[in-house]
Amino acid sequence: MPSRTTRTLVVATSAALAIGALAGCSSLGHVDTPVATLTTPTGSAPTDAGKKAAAGTITVADQSGPADRAAALSRALFASAPGFVLVPDSTGATTSEQQDTAKTAANAAARLHVPVLVADAGQTTEREAKRLGATWYVPVDDAHDDVHAERMRLSDAPDVPEPHRPSSPAVVVTTDDPADAAIRGTVDAAGATAVELPGGTSSVADAPHVIDDLRSARHGATVLLGERFADDPDPDYSVRAARTGWQLPGGGQRPFDGHRYVALYGVPGTPVLGALGEQDPAASVQRVQALADQYTPLSDEPVVPSLEIIATVAAGAPGDDGNYSNELPVDRLEPYVDAATEAHMPVILDLQPGRSDFLSQAKQYASLLERPGVGLALDPEWRLGPDQVPLKQIGSVSADEVNRTAAWLADLVDRNDLPPKMFVLHEFRAAMLQDPAAIDVDLPQLDPLVHVDGQGAQPDKQATWNALHQGAPKGVAWGWKNFFDEDAPMLTPEQTMQQVSPTPDLITYQ
């Protein structure tokens, strides 16, 4: 990058002078107002430079330009400031240059309790300087040979009063983007706490240590700093969910990102309808834990035991409501949900709606779905038309009904600041999920999975598994079911992990 002449602390006679000088040139801080020594500005420059954003606010500074990100961070952390530190746009600079500039800028910002802004050819920095009410700025040159000299000049800067520190300081989640190295000086200057998002992730939901920090400072402001956060479809939601502090075993909040599940399936108290019903809640938890333990040495991801509870059971008779589905009362399910929650196990509520619809039935279990770690499964085999009867016809569901149910569940999650939920779609024939390409799998509040739950001979099950991957919604996780009595033969844990490809994210036992 071209060398620029390093300047001393410049005192402008008015905010307009400093701002106008910025607007009039694209190079770094070329101001024709020389001063012989470093002095603080006179007049009404605010001394409470660090007055912070309101508690609980969330700011996403994910703009594509460093100047825009710097201004957004400044707005989030500083209500006003008498001045600011000005750095060049370091995009394209060497790592050494970026580090030198960042260190100098951070020292200056922390000493003077003011934000760091980035010189730009537009008006971003000018507008932020006006908003701050700044009357001076410190230019930090990007020329490697001048960094030490600039640091020496800054060492002569007078003290600026320490700003007021709020009881709940802000947390700034940063990335490792070197273009933001200097901008991060604003964090310390404002008395905020910085925590870095691991490389390769774009959501705080995937970072256990970030979730812990956000929970600890949940009453303060939160800022996400970095262009990488633009890849998170709803970063505001991700922060609100992270502030709850709830995490899956193994860490993180997103169910199918870095976790594998082994679940016991069935109806409480009804052994004929699945292994879960063969024992009481405590024994079910113990049984599925033992199953999961068999997978732990075979998996490269943490194995999480879970319960999949059939909440509505398809019936051969219409019943009083005529919908060929028996809706179990919430209090019959609660002992199993409570036992799983106490053991830190996720739960999936499975719906077999008969002639009803998935959305109507899901709403009946809103009180359970409002709990963290309780997800939802739709079983289209039992979603019947007006003239169909369970076990006589195989049902199906439209993409529109799936999407309406998913949208309702996502809204429930969002309104209650819950972590993302499992959203499971059962399938063993392609016709069961109509128009799968139209199914919305991009809701950040839900993690979708297609669960292939056919039974019988292994060659047939493998053929079904492979066929259903064709034309499936893009980006979904996959589940496999092992039947104790109906499979011929049932795969062992070793065979399940070796023979089913891709390796299932959810392995259910019925």
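Only a predicted model underlies this, so the values are computations on that prediction, with no experimental measurement involved.

**Focus on the overall build of the protein chain**
Of the regular secondary structure elements, the protein chain holds 15 helices and 17 strands. Burial status across the protein chain gives 56% buried among its 510 residues. Sequence-distant contacts, at least 24 apart, represent 77% of the contacts inside the protein chain between residues at least 6 apart. Accessible surface for the protein chain amounts to roughly 20200 Å². Of this, 50% is attributable to carbon and sulfur atoms.

**Considerations on the packing of aromatic side chains**
Evaluated as defined, the whole model comprises 5 aromatic pairs. Note on W465 and W478: the rings are 5.9 Å apart at their centroids and 65° apart in plane angle, and the pair reads as edge-to-face. One end of the pair, W465, is in helix α14 (residues 458-469); the other, W478, is in strand β16 (residues 477-482), with 13 residues separating them in the sequence. Positioned above the aromatic ring of Y265 is the side chain of K481, whose terminal nitrogen or guanidinium carbon lies 3.6 Å from the ring centre.

**Some thoughts on helix α13 (residues 399-415)**
Along an α-helix, residues three or four positions apart point the same way, because every turn accommodates 3.6 residues. Its 17 residues give α13 an end-to-end C-alpha distance of 24 Å, which sits within 8% of 24 Å, the value for a rise of 1.5 Å per residue. By the burial criterion, the buried members of α13 are A399, E401, V402, T405, A406, W408, L409, A410, L412 and V413. Considering only its buried residues, α13 is in contact with α8 (235-242), α11 (358-363), α12 (366-369), β13 (374-378), β14 (421-427) and β15 (446-452). Immediately beyond the C-terminal end of α13, within one or two residues, lies D417, with a positive phi of roughly 50°.

**Considerations on the packing of helix α9 (residues 281-295) against helix α10 (residues 330-342)**
Two numbers describe a pair of packed helices, the interaxial angle and the distance between the axes. Two numbers describe how α9 lies on α10: the axes approach to 9 Å, and their chain directions differ by 45°. Compared by their axis directions, α9 and α10 come out oblique. The handedness of the crossing between α9 and α10 comes out as right-handed. Along the contact surface, α9 presents P281, S284 and V285, while α10 presents P335, Y336, A339 and A340. Here the residues of the contact of α9 with α10 sort into 6 nonpolar, 1 polar and no charged.

**Concerning the side chain of D487**
Topologically, D487 is positioned in the loop between β16 and α15 (493-499). The exposure class assigned to D487 is buried, which follows from its relative accessible area of 7%. A distance of 2.8 Å separates the side chain of D487 from the side chain of K461, its partner in a polar contact. Each residue touching D487, except ones within four places of it in the same chain, is listed here: G454, Q455, G456, Q458, K461, K481 and N482.

**Overview of the sheet that holds strand β2 (residues 58-61)**
Overall, parallel pairing links the 4 strands, which are arranged β2-β8-β6-β7 in an open sheet. The sheet terminates laterally at β2 and β7 (193-196), the two strands that pair on one side only. Each adjacent strand pair in this sheet contributes to an overall mean axis angle of 20°, direction not counted. Two elements, β2 and strand β8 (residues 222-225), share 4 bridges in a ladder whose sense is parallel. Bridged to A61 within β8 is L225. Contacts from helix α7 (residues 208-216) reach β6 (171-174), β7 and β8, with the element oriented near 160° to β7.

**Thoughts on the pairing of β14**
Counting buried positions over the 7 residues of β14 gives 7, a clear majority of the element. Here β14 shows two buried faces, one formed by K421, F423, L425 and E427 and the other by M422, V424 and H426. Inspection of the sheet shows β13 paired to β14 by 3 bridges, in the parallel sense. Directly across from L376, in β14, lies its bridge partner F423. Summarising the sheet, β14 and β15 pair through 7 bridges and their orientation is parallel. Residue pairing for β15: E427 is matched across the bridge by V452.

**So, the nonpolar core**
Core analysis: the biggest nonpolar cluster contains 68 residues, and I309, L349, L376 and F423 have the highest contact counts within it. Leaving out residues up to four positions away in the same chain, F423 has contacts with L376, L378, V402, A406, L409, L446, D447, P448 and L449. Counting 42 residues, the second-largest nonpolar core is a separate cluster that includes A67, A70, V85 and V172.

**Notes on unusual backbone geometry**
Here the residue pair A488 and P489 is connected by a cis peptide bond, since its omega of -10° sits within 30 degrees of zero. The topology assignment puts P489 in the loop between β16 and α15. S501 connects to P502 through a cis peptide bond whose omega is 0°. Note on placement: P502 falls in the loop between α15 and β17 (506-509). Unlike most non-glycine residues, H344 shows phi in positive territory, near 60°. Within the secondary structure, H344 is located in the loop between α10 and β12 (347-351).

Conventions and cut-offs
Residues numbered from 1 in each chain as written. Predicted model: local features only at pLDDT ≥ 70, side-chain atom pairs only at ≥ 80, totals over all residues. Heavy atoms only, no water. Helix = DSSP H or I, 4+ residues; strand = E, 2+ residues; numbered from the N terminus. Buried < 20%, exposed > 50% of the residue type's maximum accessible area, 1.4 Å probe, protein only. Contact = heavy atoms within 4.5 Å. Areas by Shrake-Rupley, 256 points an atom, 1.4 Å probe, with all protein chains shown as cover. Phe/Tyr/Trp six-rings, centres within 6.5 Å; stacked < 30°, edge-to-face > 60°. Lys NZ or Arg CZ within 6 Å of the ring centre and 35° of its normal. Expected span 1.5 Å × (residues − 1). Axes fitted to C-alpha atoms, helices over the stretch in contact; angles between N-to-C directions. Parallel < 35°, antiparallel > 145°, perpendicular 65-115°, else oblique. Left-handed = near helix turned anticlockwise from the far one by under 90°. Nonpolar A, V, L, I, M, F, W, Y, C, P; charged D, E, K, R; others polar. Polar contact = N/O pair within 3.5 Å; in protein donor to acceptor, adjacent residues only side chain to side chain. Pairing = 2+ DSSP bridges. Core = buried A, V, L, I, M, F, W, Y, C linked by side-chain atoms within 4.5 Å.

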